[in-house]
Amino acid sequence: MQKVITFLEKRNNQFVLIFLITLFITIQKFFLGTTTNGITAYNNYIIFKQSFFHFFDSKDLYILYPSEHYDLFKYSPTFAIFMGVLAYLPDFIALFLWNFLNVFVLYYALKKMPYTQKHSFLYVAVFILIEVFTTTQNSQSNALLTGMIILGYLALQNKKAGLAALLIIGTAFIKLFGIVALALFLFYPNKIKSALYVAFWTLVLGFIPLIFIPFGEFIMQYESWLLLLRNDHSSELKFSIMGFLHSWFQVPIDWKTNALIIGVIIFCIPLLRFKSYHIERFRILFVSNILMWVVLFNHMAESATFIIAVAGVGIWYFTKVEKSITEKGLLILCIFFTLLSPTDIYPVFIRNTYFIPYAVKVIPCIFIWIKINHELLTISSKKPVIV
């Protein structure tokens, strides 16, 4: 075991493993072939790729193109432009590079976190591995978004507010809920300067499309995007707190707005502890809180989204020196009922009859999120180090 750990601790070996894991997943998805209607097994990447061509063909980005892919493009016009870096490459190469970007950014961000025990990063990497596979197999952007939020926090820690603003605002142009991470700026001085950086990068990223299209078309694309987001109120609840409340306690589906409001209030309560802002442990806990909150209160959260929440769990647990029996128990619950619940370790009938209908995947994360909030509200404002 020690030889395995020694091997995995070497940076070059880690890079090779990331490369091979990404290559394996890309080969697996690319050569699965197409469905009966001609849709590829890597549909999400095709949506991203085609958004670039739709943008420069003056097409509405936010309507269905069933002859090309299923589902809608839901990211910003700016994101569509940046997909041009990959759009002209052969699909296999581009899919690999897209997947590798996601995995590497998350790896790099977690690698930079301030762990207090030897091998903690390796434990985090192993802990999140299943979710990394899941999101990468779906060609999703969730690992990239998670890494950018963590790197935004680390940039703030290193007094690089401009870089932090770019990273965090950048997440919002991928998935709008990334904007929640702006709360991290509250913990640091020079708030006016930080606000100016945020405003600057919002304007730069927001207006990039104007370089390529007329103003009227620019307005049309943003109106269409906002209309899509405003009308994206599916009756599905999936793996969220509302999904849990509905399936277990028959809370009405239309109560999800109330649940979100309550979630916002709970999210803001720890921010009232101004005297704790200087404590590194408090800040790290809040990073975990953000990563979990954006999943738990997203009524459309899917299994592939859980890399965000699970990374939050990993940061919460593996940056601690001492772990209580309760915390160890919560981590075990997360392993068996969040990480492993969609896998073949459980029979299909259990997954289809109990785990999916009753949103079992989200339950351990809810308990851990409550524990994190308890720590945020009870941590001593005098503690100067991570504990």
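Quantities reported herein were computed from a predicted structural model and do not represent experimental measurements. For every chain, the first residue of the written sequence is number 1, and numbering continues from 1 onward in sequence order. Totals for whole chains, interfaces and linings use every residue, but because this is a predicted model, local features are given only for residues with pLDDT of at least 70 and side-chain atom pairs only at 80 or more, for both listing and counting. Side-chain numbers come from the whole structure's heavy atoms, not from hydrogens or water.

Participant: Hey, could you go over the overall build of the protein chain for me, with residue numbers and the actual values?
Facilitator: From N to C terminus, the protein chain includes 18 helices and zero strands. Within these notes, the globule rule equals 2.2 Å times the number of residues to the 0.38 power, and the radius of gyration is based on C-alpha atoms. Against the compact-globule benchmark of 21 Å for 387 residues, the protein chain has a radius of gyration of 21 Å, which places it among compact chains. Each principal axis of the C-alpha atoms in the protein chain carries an extent, and together these give about 60 × 55 × 50 Å. Exposure is judged per residue with a 1.4 Å probe applied to protein chains only, and the accessible area is read against the type maximum: over 50% gives exposed, under 20% gives buried, and values in between give partly exposed. By the burial criterion, 53% of the 387 residues in the protein chain qualify as buried. The Shrake-Rupley method, run with a 1.4 Å probe, gives the accessible areas here. Residue values count only the displayed protein chains as cover. When the accessible area of the protein chain is evaluated, it comes to approximately 18,300 Å², of which 70% is carbon and sulfur surface. Side-chain charges in the protein chain split into 30 positive and 18 negative, and the spacing between the mean points of these groups amounts to 15 Å. Helix and strand assignments follow DSSP, with helices taken as H or I runs no shorter than four residues and strands as E runs no shorter than two, numbered in order from the N terminus. Positive charges are assigned to Lys and Arg, negative charges to Asp and Glu, while His and the chain termini are left out of the count. Just so you know, the charge point we use is NZ for Lys, CZ for Arg, CG for Asp and CD for Glu.

Participant: Provide a residue-level description of the packing of helix H2 (residues 11-30) against helix H6 (residues 91-111), including the pertinent values.
Facilitator: For the pair H2 and H6, the least separation of the axes is 9 Å and the interaxial angle reads 140 degrees. By the angle class used here, H2 and H6 are oblique. In this structure, H2 meets H6 at a crossing whose hand is right-handed. Counted together, Arg11, Gln14, Phe15, Ile18, Phe19, Thr22, Leu23, Thr26, Ile27 and Phe30 of H2 and Asp91, Phe92, Leu95, Phe96, Asn99, Phe100, Val103, Phe104, Tyr107 and Lys111 of H6 form the full contact between these two elements. Throughout, the ten residues Ala, Val, Leu, Ile, Met, Phe, Trp, Tyr, Cys and Pro are labelled nonpolar, Asp, Glu, Lys and Arg are labelled charged, and all others, Gly among them, are labelled polar. Among the residues forming the contact of H2 with H6, the class breakdown is 13 nonpolar, four polar and three charged. Angles run from 0 to 180 degrees between N-to-C directions of axes, and those axes are lines fitted to C-alpha atoms, restricted for helices to the stretch in contact. Should an angle fall under 35 degrees it is taken as roughly parallel, and over 145 as roughly antiparallel, whereas 65 to 115 is taken as roughly perpendicular and any remaining angle as oblique. Left-handed describes a crossing whose near helix is turned anticlockwise from the far helix through less than a right angle; right-handed describes the clockwise counterpart. Note on contacts: a residue pair is in contact if any heavy atoms of the two residues lie within 4.5 Å.

Participant: For the layout of surface pockets, give the residues involved together with the corresponding values.
Facilitator: Each cavity reported here is a set of points on a 1 Å grid over the protein atoms alone in which a 1.4 Å probe fits but cannot get out, each pocket an open set with protein on both sides within 12 Å along at least five of seven lines, and each lining residue one with an atom within 4 Å of a point. Grid points are joined across faces, edges and corners, and a volume is the space filled by probe spheres set on the points. Space inside the second largest pocket adds up to approximately 530 Å³. Contributing elements (two or more residues each) for the lining of the second largest pocket: helix H4 (77-82), helix H5 (84-87), H6, helix H8 (142-157) and helix H9 (161-172). Ranked by the residues each element gives to the lining of the second largest pocket, the list is headed by H6, at four residues. The residue makeup of the lining of the second largest pocket, split by class, is 17 nonpolar, two polar and no charged.

Participant: Can you tell me about the packing of aromatic side chains, naming the residues and giving the values?
Facilitator: A ring pair, where both rings are aromatic, is described by two values, the distance of the centres and the angle of the planes. In this scheme Phe, Tyr and Trp rings, the latter by its six-membered ring, pair at centre separations within 6.5 Å, and the angle between planes marks the pair as stacked below 30 degrees, edge-to-face above 60, and tilted otherwise. In this structure the tally under the stated criterion is 55 aromatic pairs. Plain terms: the ring middles of Phe55 and Phe56 are 5.0 Å apart, the flat faces sit at 80 degrees to each other, and that makes the pair edge-to-face. On the accessibility criterion, Phe55 (0% relative accessible area) is buried. Measuring from ring centre to ring centre gives 5.3 Å for Phe187 and Phe286, while their planes differ by 85 degrees; the resulting arrangement is edge-to-face. Taken together, the positions of Phe187 in the loop between H9 and helix H10 (191-207) and Phe286 in helix H14 (residues 280-296) put the pair 99 residues apart, joining distant regions of the chain. Residue Phe187 shares its accessibility class with Phe286, and that shared class is buried. Taken together, Phe48, Tyr62, Phe73, Tyr75, Phe79, Trp98, Phe207, Phe215, Phe218, Tyr222 and Trp225 form an aromatic cluster joined through their ring pairs. Here, over-ring charges are defined by two tests on the NZ atom of lysine or the CZ atom of arginine: distance to the ring centre within 6 Å, and angle to the ring normal within 35 degrees. The lysine or arginine in question, Lys323, covers the ring of Tyr317, its NZ or CZ lying 5.3 Å from the ring centre.

Participant: Can you explain the state of the cysteines? Please cite residues and give values.
Facilitator: Disulfide assignment relies on a single distance test, namely cysteine sulfur atoms paired within 2.5 Å. Applying the stated criterion to the full structure yields zero disulfides. As a non-bridged cysteine, Cys365 has Cys334 as the owner of its nearest cysteine sulfur, 4.6 Å distant.

Participant: Lay out the side chain of Lys371 in plain terms, naming residues and giving numbers.
Facilitator: Tracing the backbone shows Lys371 in helix H18 (residues 363-378). If near-sequence neighbours (up to four positions away) are discounted, Lys371 is found in contact with Trp316, Glu327 and Leu330.

Participant: Quick rundown of the pattern of salt bridges? Include the residues and the values.
Facilitator: Whenever Lys or Arg places a side-chain nitrogen within 4 Å of a carboxyl oxygen from Asp or Glu, that contact is recorded as a salt bridge. Counted under the stated rule, the structure contains nine salt bridges. One continuous salt-bridge network, built from bridges that share partners, spans Arg281, Lys320, Glu327, Lys371 and Glu375.

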